[in-house]
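Structure assessment
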Amino acid sequence: GTFSSRTVVLMVVKLLLLTLLLLAAPGVDSSAHTSSTESDQTPLLPPYDTRLPYDGSPCYASPSEYSGLCRPSYLIVGAGKAGTSSMYYYLNDHPDVLPALRKQTHFWKYDVEEGKPFRHYLSNFPNSTSFGQPSHAVPDGGPIPRTEKVTGESSPGYLPHARAASHVRKALGADVKIVVVVRDPVGRALSSYRYNYLAMVGVSRR
């Protein structure tokens, strides 16, 4: 589904407030007093990890069996009808984000369970030529040149699936970024009902 800019801003503000509450809640000692100087020097949030996934080399080079294919750097995993499509297209507006050939692969929910190979999954994304990375063997066994470009997919079916997370961790490792979009649960449920059920029986979604 899509969101207005105002709705997206409100959602981000709510997430930030929730994060601050969660950080402040555990282990608070009302009797402890800290000087303003000490508190000013203490970061409120942990530093953000700015490293690129796969050390900036998402593509495979020969002699790998996946030579020329590239891994996604982020997965938008849900929740359904919470603005995942909007988030996907917002990210794609950035010049260093390459769109997937297929936005929703649902590979880690369906295809992997049916035994389809990892190569099939990678075929949903731009190849090494699009990334400007070589698919041939790197001279002298040196590292593959880094790139600032990334790609990813949006499959909201991953979030509620029992085994999707373990499949992703095993195949892509800990580098891939996981994006979760949330929404007021009542509004999300109503939107899902209108989209998935009323449409099936031909009833107007209004």
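This write-up is about the structure you can find in this document. (Residues numbered from 1 in each chain as written. Predicted model: local features only at pLDDT ≥ 70, side-chain atom pairs only at ≥ 80, totals over all residues. Heavy atoms only, no water.)

1. Observations concerning the pattern of salt bridges
We apply this condition: A pairing counts as a salt bridge when a side-chain nitrogen of Lys or Arg comes within 4 Å of a carboxyl oxygen of Asp or Glu. Secondary structure elements are taken from DSSP: a helix is a run of H or I of four residues or more, a strand is a run of E of two residues or more, and numbering for both begins at the N terminus. Note on exposure labels: buried denotes an accessible area under 20% of the residue type's maximum, exposed denotes more than 50%, and partly exposed covers the range between, all computed with a 1.4 Å probe on protein chains only.
Considering all chains together, one arrives at three salt bridges under this definition. Between Lys-149 and Asp-96 there is a salt bridge, with its nearest N and O atoms 3.8 Å apart. Taken together, the positions of Lys-149 in the loop between helix 6 (128-131) and strand 3 (150-154) and Asp-96 in the loop between helix 3 (84-92) and strand 2 (97-98) put the pair 53 residues apart, joining distant regions of the chain. You can call Lys-149 partly exposed: its relative accessible area is 26%. Among the residues examined, Asp-96 registers a relative accessible area of 27% and is labelled partly exposed. We note a salt bridge from Asp-111 to Lys-116, for which the minimum N-O separation is 3.8 Å. By relative accessible area, which is 35% here, Lys-116 ends up partly exposed.

2. As for the nonpolar core
Applied cut-off: In these notes, a set of buried Ala, Val, Leu, Ile, Met, Phe, Trp, Tyr and Cys residues joined through side-chain atoms within 4.5 Å is what counts as a nonpolar core. Two residues qualify as a contact provided that any one of their heavy atoms is within 4.5 Å of a heavy atom in the partner residue.
Within the largest apolar cluster, 27 residues are counted, with the highest numbers of intra-cluster contacts made by Leu-75, Trp-108, Phe-118, Tyr-121, Leu-122, Tyr-158 and Leu-172. Of all the secondary-structure elements, those providing two or more residues to this core are strand 1 (74-78), helix 4 (107-111), helix 5 (118-122) and helix 7 (164-172). Residues within four places of Tyr-121 in sequence aside, it is in contact with Pro-72, Leu-75, Thr-105, Phe-107, Trp-108, Glu-153, Tyr-158 and Leu-172.

3. What about the state of the cysteines?
Operational definition: We call a pair of cysteine sulfur atoms a disulfide when they lie within 2.5 Å.
For the structure on display, the rule yields one disulfide. In this model, Cys-59 is linked to Cys-70 through a disulfide, with the two sulfur atoms separated by 2.1 Å. For the disulfide bridge between Cys-59 and Cys-70, the dihedral angle about the S-S bond is near 95 degrees, and by the sign convention the bridge is right-handed. On the criterion of sequence distance, the pair formed by Cys-59 in the loop between helix 2 (36-41) and strand 1 and Cys-70 in the loop between helix 2 and strand 1 is long-range, its members being 11 residues apart.

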